[in-house]
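Architecture and fold: a report
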Amino acid sequence: GSVRYDEKLVIRLKGLGVKLLAACLEGRDDIVCHEILADKIEPVMLQNFRSRLIQICSQRLSGRTVLGQGWAKSKQDLSQDELEYRATIVNILQDLECVYRQLGSVRKWAHGSKIFSYEKDFVMKTIATVEIYWNGKTESVCFPKPLNWKCLTQNSKLRFLKSVDLSTTEKRMKQLLLIKSREFFHEMNHLYYLEENFKLAKYLKNNMRTVKRFLYLLVILLNLNVTMERVPSNSTVAGWMWINHGTTSAQKLSGVLLLLLLVGYGGISLYYIVTEVPVLKRKILSDSKVARYNYLDRGDKSKFIQFTKRPFVRLAIKLAFYVALCSIHNLHFPYQRWYMYGLVLFFVPLLFQTFRQYFGPRIRRRRDRGFNRGALWYAVLYDSIVCLTNLQNNLLMLAMCSAGLFYTVAIPIMLLDIFYTSATLQRVAQAIIVPMKPLSVTLYVFVITALVYATLGYRNFDNQFVYDEVGAELEAYFEKDPLSCNSVLTCFELVLYKAMPSGDMSSVLDDVDRLGNKFTARMLFDLSFFIWVGILLFNVVTGLIVDTFSQLREESIAREDQLENECFVCGFTRPAYDDLGTEYNFDDHVHDEHDIWNYLFFIAYLNEKDVNEYNGVESYVSKMLRNQNLEWIPSRTSWRLETDHQFKKRMELQGVSEVTDLKNTFKAEMVAMKETILNEVKNEIDELKATTKTLLKELHEGHLNHMNKHFGGIGGRGSTTGLGHGNDDIEGTPDNERGGADLHGHASGLGRASV
C-alpha cells in the first residue's frame, strides 16, 4: 500500500522548495531565470498549496474551518507548538507571495487561475510588501505583518501626517523610520497587550467615537432638563442632592444623567491613562537620554547646569515683578484678595513648568546607571496633563461633571466639548491659539491705549467721565453732580471696561457743549480714540484671526493635496505616474507598492527577526538602518516600472534578433535560389547551343549534297576548293561564330565556282 507521511513534514518540505524558488529569483539582474521557471512551473500547483496553507491557518482546534477570518484563536490560547507551526506557515506564505510576484512580473503567469476572495483578503492581512533599492535596482520584498499591526491607531497616523515635514522624501522617511518608529512600536506593543488581555480595551478602541457622541448627547439632555426646570435663582440644590433627595422626576433624571456622565468620562479617562501614559513614559525616558548625552556625557557640565537653572531665573524675575506690582498697589489701596488669586493662577502653573524643565534632563543618571523615579513620575504626570490631548479633554469633562455635583453652573460648560468632537471648531480654535503671541501683544497695546486715554481724560475732562448715562441724567435732573472717576486708576478701569468694547469714548464721557472752550480738544480726543481703537486695533485682531484661519486652511488643503497626489515614499507625482501609460494606476502604486505603513511594519519585522536568519536584502537594510542611511528607499521609481522596462527591453532585443535571423535566412535562401536558377539557365543554354550546332551541321551537309548534285562537274574543283576553304574557316572559328563562318565560306565557294 501507499505510504502516508505526516502533513506537517510534507508542508515543511514543500516550504523549503518554495524558499529555494524565492532564493533563485532574489536579486537577479535579468529575468532569464524568471522566464524559465515561469515556463516550467504550473501555477495551479502553487495555488493549491497556498489554499491549503490558508485553510490550516483558519482552522480551529476542533477542525471546524472559518476561512477568511485570520487567526481563529488568540495568541494566548495557543500552545507553543501551534504558534511555531503557524509561524512556519506564514513564512511559507511569505515566500509563496514573493514567487507569485516575481514570476508574474514577466508574464500573466497565474492568469486564469482561480483565487478566492477570502484567500486574497487573508494574504493581504497577513503578508505585506515593500520595495528596496538594492544592488542598483529595486527589489520587491514580502514579509509577514507583525501581529500587532492593527494596533497602530488612526489617530496616531493622522497626528504624524499632520506634523511631518513633507518638503523632501528623505526628511519625511527619516522622521518616520528613524525618529518616530520607536514611539509607534511602543504604542503598538502596549495596545496589543491590552487588547489580548482586556476585551473592554479593544471595544473602546474600535468604538471610541461612538461612545463620545453618546456621552455628548447625554450632556445635551442634562442641560435641557436643568434649563427647563423652574428653580429659584438662589437655589443651592445641586447634583448630589438630585441623587439623594430629588423631589421631582426631573431632578432624579438629572441625577441619573450626571452619574452616567461621571462613569462614562471616568472610564474613558482611565482608558487613555492605561493606553497613552506608558507610551509617553517611554518617550520621556528616550528624550531624557538624548538630552543628558548632549550635555553631561559630552563633558559640558557648565552648559548643562546653565540649561537646567535658566527656567528658575526666568520664574524669579516674573515673581519679583508681580510682587513689586502688588506692593505698589498696596501703597495706594488696602490689601486685595486678588493678590493671592493672581499668584495661584499664574505662578503655580509656571512653577510646575519650571520643575518639569529642570527634572527633564535629570531623569536619566549618568552613563545609563538607572533613572530618578521621582523625576520620571513627575515628568509623566505633567506631560500627561499638558501634552495628551485626549486625556486632557476627558479629565476636564470629568472635573466638570464632579463640579456639577455641587454647582449647577458647571453643567452648561460641559457643552463646550463640541470643540473636541468637531473638526471645524478645532480649526477655529487653532486660529485663536496659533497667533496667541501677536494677539497678546495686541492686547497689551489695548491696555496701554486705555491707560493713555484715561490719563489724558482725567487731566483734561475729569468732570465729564460718567459710569452710567441713565444715572447721570437722573443726577442732573435732581441737580446733583454725576458720579465720575476720582483717579487715573478708576478712569483706566472705566475706559477699559466700557470704552474699549464699544471703541467709542462717548460711552464713558458726558455730552460736550459745542460752544464750550474744550469742544475742539474733546472732538479730537474722541475721534482719535475711535480711529485708533474702534477701527485699527479691532481690525488688527480680526485680521490676525482671519489670516491665521485662512493660512491654516490653505496649509491643510496643500498638505492633503500633496499627500493625495504625491507618493510619500519615492516622491512620484500623480500626473507623472499616470503619464507612463494606462496600465499604471497611481492609487495602486501608493496603497499597494509603496504603502508608508508597510515600511514601518518592515522595520518592526526586522527588529523581531533573528539576525542569523536574514536574507541578503534584509541584511542590507539592517546595516543601512544602523548607519541611519536611507539610500535603500527607492526614489521616483518602483519595482514594477523597472521590471516592465526590463521585460520590454528584452522583448525588443528578442524582436530585433528574430528580425536579424529572418533577414539572414531570407538572404541565404535568395543566394541558393540564385545559384539554382543560374545553373538551370546555364544548362538550358548549353543544351540550346548543342542543339543549334547539330542543326547547322545537318543543314550544311544537306546543302553541300544539294550543290554537288546540281553543279557536280562544273564547279567541282572550285567547289572543292571553296568548300575546303569554308570548312577550314568553320573549324578555325569559335563555336558561337561558327554559323556565320559556314555561310561565308559557302558564299565564297559559290562565287568562285560560278566564275
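The rules we used
Residues numbered from 1 in each chain as written. Predicted model: local features only at pLDDT ≥ 70, side-chain atom pairs only at ≥ 80, totals over all residues. Heavy atoms only, no water. Helix = DSSP H or I, 4+ residues; strand = E, 2+ residues; numbered from the N terminus. Buried < 20%, exposed > 50% of the residue type's maximum accessible area, 1.4 Å probe, protein only. Areas by Shrake-Rupley, 256 points an atom, 1.4 Å probe, with all protein chains shown as cover. Phe/Tyr/Trp six-rings, centres within 6.5 Å; stacked < 30°, edge-to-face > 60°. Lys NZ or Arg CZ within 6 Å of the ring centre and 35° of its normal. Core = buried A, V, L, I, M, F, W, Y, C linked by side-chain atoms within 4.5 Å. Contact = heavy atoms within 4.5 Å. Pairing = 2+ DSSP bridges. Expected span 1.5 Å × (residues − 1). Polar contact = N/O pair within 3.5 Å; in protein donor to acceptor, adjacent residues only side chain to side chain. Salt bridge = Lys/Arg side-chain N within 4 Å of Asp/Glu carboxyl O. Axes fitted to C-alpha atoms, helices over the stretch in contact; angles between N-to-C directions. Parallel < 35°, antiparallel > 145°, perpendicular 65-115°, else oblique. Left-handed = near helix turned anticlockwise from the far one by under 90°. pLDDT = per-residue confidence, 0-100. Patch = residues over 30% accessible without salt bridge, like charges linked within 9 Å, V, L, I, M, F, W, Y side chains within 5 Å. Lys, Arg positive; Asp, Glu negative; His and termini not counted. Charge placed at Lys NZ, Arg CZ, Asp CG, Glu CD.

1. Points about the overall build of the protein chain
Scanning the protein chain from terminus to terminus reveals 29 helices and two strands. Put simply, the protein chain has 755 residues, and 36% of those count as buried. A total accessible area of about 46,500 Å² is found for the protein chain, and carbon and sulfur atoms account for 59% of it.

2. Overview of the packing of aromatic side chains
If you walk through the whole model with that rule in mind, you get 25 aromatic pairs. For the ring pair tyrosine 453 and phenylalanine 525, a centre distance of 5.1 Å and an interplane angle of 55° mean the geometry is tilted. Of this pair, tyrosine 453 sits in helix H19 (residues 436-460) while phenylalanine 525 is found in helix H22 (residues 519-565), placing the two residues 72 residues apart along the sequence. There is no split in this pair, since tyrosine 453 and phenylalanine 525 are both buried. Among the aromatic residues, those joined into a ring-pair cluster are Phe312, Phe355, Tyr358, Phe359 and Tyr378. One residue, lysine 145, lies across the ring of tryptophan 149, its end atom 3.9 Å from the ring centre. The ring of phenylalanine 568 is capped by arginine 172, whose NZ or CZ atom sits 5.4 Å from the centre of that ring.

3. As for the nonpolar core
Membership of the largest hydrophobic core comes to 48 residues, with the highest contact counts inside it found for Leu176, Trp597 and Trp632. Broken down by secondary-structure element, the contributors of at least two residues to this core are strand S1 (127-134), strand S2 (137-144), helix H6 (154-163), helix H7 (169-179), helix H8 (181-197), helix H24 (586-593), helix H25 (596-608) and helix H26 (616-626). Sorting elements by how many residues they give to this core places H25 first, with ten residues. If we skip the residues at most four places from it in the chain, tryptophan 632 touches Glu131, Ile132, Tyr133, Leu177, Tyr599, Ile603, Tyr620, Val621, Met624 and Leu625. Core analysis: the second largest hydrophobic core is formed by 36 residues, Met208, Leu262, Val380 and Ile411 among them.

4. Description of the pairing of S1
In terms of residue burial, S1 counts as a mostly covered element, since seven of its eight residues are buried. Sheet topology places S1 next to S2; eight bridges connect them, and they run antiparallel. Paired with isoleucine 127 across the two strands is proline 144, which belongs to S2.

5. A short note on H19
Helix length check: H19 (25 residues) gives 36 Å between terminal C-alpha atoms against 36 Å at 1.5 Å per residue, within 8%. Listed as buried for H19 are Leu439, Thr442, Phe446, Thr449, Ala450, Tyr453, Ala454 and Gly457. Looking at the packing, one finds that the buried side of H19 touches helix H18 (423-433), helix H21 (488-502) and H22.

6. Here's the deal with the environment of aspartate 165
Mapped onto the secondary structure, aspartate 165 falls in the loop between H6 and H7. In this structure the C-alpha to C-alpha distance between aspartate 165 and glutamine 175, which are ten residues apart in sequence, comes to 8.1 Å. Ignoring any residue separated from it by four or fewer positions in sequence, one finds aspartate 165 in contact with Lys171, Arg172 and Gln175. One polar contact links aspartate 165 to serine 167, side chain to side chain, over a distance of 3.1 Å.

7. A closer look at the pattern of salt bridges
For the coordinates displayed, the defined rule picks out twelve salt bridges. As a salt-bridge pair, arginine 172 and glutamate 566 come within 3.0 Å of each other at their nearest N and O atoms. Taken as a pair, arginine 172 in helix H7 and glutamate 566 in the loop between H22 and helix H23 (574-578) lie far apart in primary sequence, 394 residues in all. Since its relative accessible area comes to 19%, glutamate 566 is described here as buried. For the salt bridge of glutamate 183 with lysine 180, the shortest nitrogen-to-oxygen distance reads 3.6 Å. Exposure remark for glutamate 183: the relative accessible area of 28% places this residue in the partly exposed category.

8. Some remarks on the packing of helix H13 (residues 338-359) against helix H14 (residues 373-386)
Two numbers describe how H13 lies on H14: the axes approach to 10 Å, and their chain directions differ by 130°. As the angle between them shows, H13 and H14 are arranged oblique. At the point where H13 passes H14, the crossing takes the left-handed sense. Where H13 abuts H14, its residues Leu351, Phe352, Gln353, Phe355, Arg356 and Phe359 lie against Ala375, Tyr378, Ala379, Tyr382 and Asp383.

9. Regarding unusual backbone geometry
Backbone geometry places glutamine 628, a non-glycine residue, at a positive phi of 55°. Relative to the elements of secondary structure, glutamine 628 occurs in the loop between H26 and helix H27 (639-711).

10. Description of the confidence of the model for the protein chain
Here the protein chain shows a mean pLDDT of 78. Residues at 70 or above account for 78%. The model gives residues 109-113 a pLDDT under 50, and that stretch makes ten contacts with residues more than four places away or in other chains. pLDDT under 50 marks residues 470-478. Its contacts with residues more than four places away, or in other chains, come to six contacts.

11. Comments concerning a positive patch on the surface
On the surface, Lys125, Lys150, Lys199 and Lys202 cluster together into a positively charged patch. Looking at the secondary structure, you find lysine 150 in the loop between S2 and H6. Of the residues examined, lysine 150 reaches a relative accessible area of 51% and is grouped as exposed.

12. Looking at a nonpolar patch on the surface
Together, Met523, Leu524, Leu527, Phe530, Ile531, Trp532, Ile535 and Leu536 give the surface a local cluster of nonpolar side chains, amounting to about 710 Å² of exposed area. Mapped onto the elements, tryptophan 532 comes out in helix H22. Since its relative accessible area comes to 36%, tryptophan 532 is described here as partly exposed.

13. What to know about helix H3 (residues 43-57)
When the terminal C-alpha atoms of H3 are compared, their 21 Å separation across 15 residues agrees well with the 21 Å that a helix rising 1.5 Å per residue should span. Along H3, the residues classified as buried are Pro43, Leu46, Gln47, Phe49, Arg50, Ser51, Leu53, Ile54, Ile56 and Cys57.

14. Thoughts on the side chain of arginine 522
Summarising the element assignment, arginine 522 is placed in helix H22. Contacts of arginine 522, omitting those with residues within four sequence positions, involve Phe461, Gln464, Leu509, Asp510, Asp511 and Val512.

15. A short note on the pairing of S2
With eight of eight residues buried, S2 is to be regarded as a mostly interior element. Across the two faces of S2 the burial is the same, with Lys137, Glu139, Val141 and Phe143 and Thr138, Ser140, Cys142 and Pro144 all buried. Taking the residues between adjacent antiparallel strands as the criterion, S1 and S2 are bridged by two residues, where asparagine 135 takes a positive phi near 55°.

16. Observations concerning a negative patch on the surface
The grouping of Glu680, Glu684, Asp686 and Glu687 at the surface amounts to a negative patch. Position of glutamate 680 relative to the elements: it lies in helix H27. Judged by its relative accessible area of 48%, glutamate 680 is partly exposed.

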